[in-house]
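Report on the structure
The lines below spell out each chain.
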Amino acid sequence: MFQGSTVWTGPQGDAMNNRRSLLAMIGAVGGVLPFASEAAARTAAPAAGATVLSTWDFGAAANAAAFAKLRAGGTLIDAVEAGAMVPEADPTNHSVGYGGYPDRDGHVTLDAVIMDDAGGVGAVAALEDTIHAISVARRVMEKTPHTMLVGEGATRFASDQGFPRDKLLTPEAEKAWRDWLKTAQYRPEANSENRPYHTPGGALDHDTIGLLARDAIGRLAGACTTSGMAFKMRGRVGDSPQVGSGLYVERGVGGATSTGLGEEVTRIAGTARVIASMRGGATPQQACEEVVRHIATLRGDAIRGVQVGFLAMDTKGRIGAFCLLPGFTYAVTDQQGTTRVLKAASLFAA
């Protein structure tokens, strides 16, 4: 339904009229919205079956690492860290860790958060020269009285903790940045966080990975890690490392993570809202759908062409997934270690 992909310009014209025009679109498809839940219910993992859940197709490899860690006796935090480290070390993934696209000044900066369901949390933002941002985030949680370190302080902390200093900008990512500079006029533009479908060359354009893990008694932990928006303004931090935006986990309720354009998630503390709905009795699927509809209603024409998606799991292993536009995939690993990659239902057609 939406055409185009404009991220950095705001709504045009009167905001109320924009919201009304989008509300009209929502009303036009209102008759098919219930189908989203039904479709998700048919394709999701069986009730009480999900052990590891992550965003995007490349989450399957992350799930495998997380599941192996759990099977070997590791903790939930061990599992989500191990899972997140897989895409962080993959130079072909240009939105997470090593090989991530740089900011518009040519610096690769990483954001990550790790959280358990008892309120333990650690995060880093604008971290440089360290591949495994998720592991630095864990050290923040375990070795400091703080919940987040940023920029130079985060990088210095990583070095003090013994993490090796690595060059994150790969030749492929540097070439993409230099090609972008030729026509970008040094302005931020739509990128992988806004269009997680395919690059002009046909390769899948990946995005932030969020990962949730659950044990047999319903305890949960989560992780989220990213190199952020490609060619972003230096210093930009999206939703990923922010508790309640990119990730939220709560004992007795469940966990949620997000993907897509981080600014739209941050505006509404998206994952905290998902968990609040689940705490109030909504299923994970209902909660994910509610927050996506809220974004659409709140933002109106400002989110034309923008992708945002949410993924959630409750203490019983029931899952939910929903997004604004088609294209969001996620990986589910059950208690036997079987992994499936599924497509989330969306509010709007392409």
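Just so you know, these numbers come straight off a predicted model, no measurement behind them. (Residues numbered from 1 in each chain as written. Predicted model: local features only at pLDDT ≥ 70, side-chain atom pairs only at ≥ 80, totals over all residues. Heavy atoms only, no water.)

**Observations regarding the packing of aromatic side chains**
Per the stated rule, a full pass over the model turns up four aromatic pairs. Consider the rings of Phe328 and Tyr330, whose centres lie 6.3 Å apart with planes at 45°: the pair is tilted. No difference in accessibility class separates Phe328 from Tyr330, as the two residues are buried. Chaining the aromatic ring pairs together yields one cluster made of Trp56, Phe328 and Tyr330. (Phe/Tyr/Trp six-rings, centres within 6.5 Å; stacked < 30°, edge-to-face > 60°. Buried < 20%, exposed > 50% of the residue type's maximum accessible area, 1.4 Å probe, protein only.)

**Quick look at the pairing of strand 1 (residues 50–55)**
Across the six residues that make up strand 1, a large majority, six, are buried. Note that strand 1 and strand 11 (residues 329–334) share five bridges and pair antiparallel. Bridge assignment links Ala50 to a residue of strand 11, and that residue is Asp334. Summarising the sheet, strand 1 and strand 5 (residues 209–214) pair through three bridges and their orientation is antiparallel. Bridge pairing links Ser54 to Leu211 in strand 5. (Helix = DSSP H or I, 4+ residues; strand = E, 2+ residues; numbered from the N terminus. Pairing = 2+ DSSP bridges.)

**Brief notes about the side chain of Ser258**
Examined against the element boundaries, Ser258 turns out to sit in strand 8 (residues 254–260). A relative accessible area of 1% places Ser258 in the buried class. Only 3.1 Å separates the side chain of Ser258 from the backbone oxygen of Ser245, close enough to count as a polar contact. (Polar contact = N/O pair within 3.5 Å; in protein donor to acceptor, adjacent residues only side chain to side chain.)

**Some points on the sheet that holds strand 9 (residues 308–314)**
Where strands meet in a sheet, backbone hydrogen bonds hold them as pairs that are either parallel or antiparallel. Strand order in this open sheet of five strands is 7-8-9-10-13, and the pairing throughout is mixed. The strands lining the two open edges of the sheet, one partner per strand, are strand 7 (247–250) and strand 13 (345–346). Set on the sheet, helix 9 (residues 270–279) makes contact with strand 7, strand 8 and strand 9; between it and strand 8 the angle comes to about 145°. Sheet strands touched by helix 10 (residues 284–299): strand 9 and strand 10 (319–323). Its angle to strand 10, the strand with the most contacts, is close to 20°. (Contact = heavy atoms within 4.5 Å. Axes fitted to C-alpha atoms, helices over the stretch in contact; angles between N-to-C directions.)

**Quick notes on helix 3 (residues 59–71)**
With 13 residues, helix 3 should cover 18 Å at 1.5 Å per step; its first-to-last C-alpha distance of 18 Å lies within 8% of that length. Where helix 3 is buried, its residues contact strand 1, helix 4 (76–88), strand 5, strand 11 and strand 12 (339–343). Gly73 sits one or two residues past helix 3 and shows a positive phi near 100°. (Expected span 1.5 Å × (residues − 1).)

**Describing the pattern of salt bridges**
As enumerated under the stated definition, the model contains 20 salt bridges in all. Of the charged contacts, one joins Arg234 and Asp103 as a salt bridge, the two residues approaching to 3.0 Å between their closest N and O atoms. You can see Arg234 sitting in the loop between strand 6 (220–226) and strand 7 and its partner Asp103 sitting in the loop between helix 4 and strand 2 (110–116), a full 131 residues away along the chain. The class for Asp103 is buried, based on a relative accessible area of 1%. Close ionic contact of Glu263 with Arg236 constitutes a salt bridge, the shortest N to O distance being 2.8 Å. Note that Glu263 is positioned in helix 8 (residues 262–266) and Arg236 in the loop between strand 6 and strand 7, a separation of 27 residues in sequence. Salt bridges sharing partners connect three or more residues here, namely Asp78, Glu81, Arg138 and Glu142. (Salt bridge = Lys/Arg side-chain N within 4 Å of Asp/Glu carboxyl O.)

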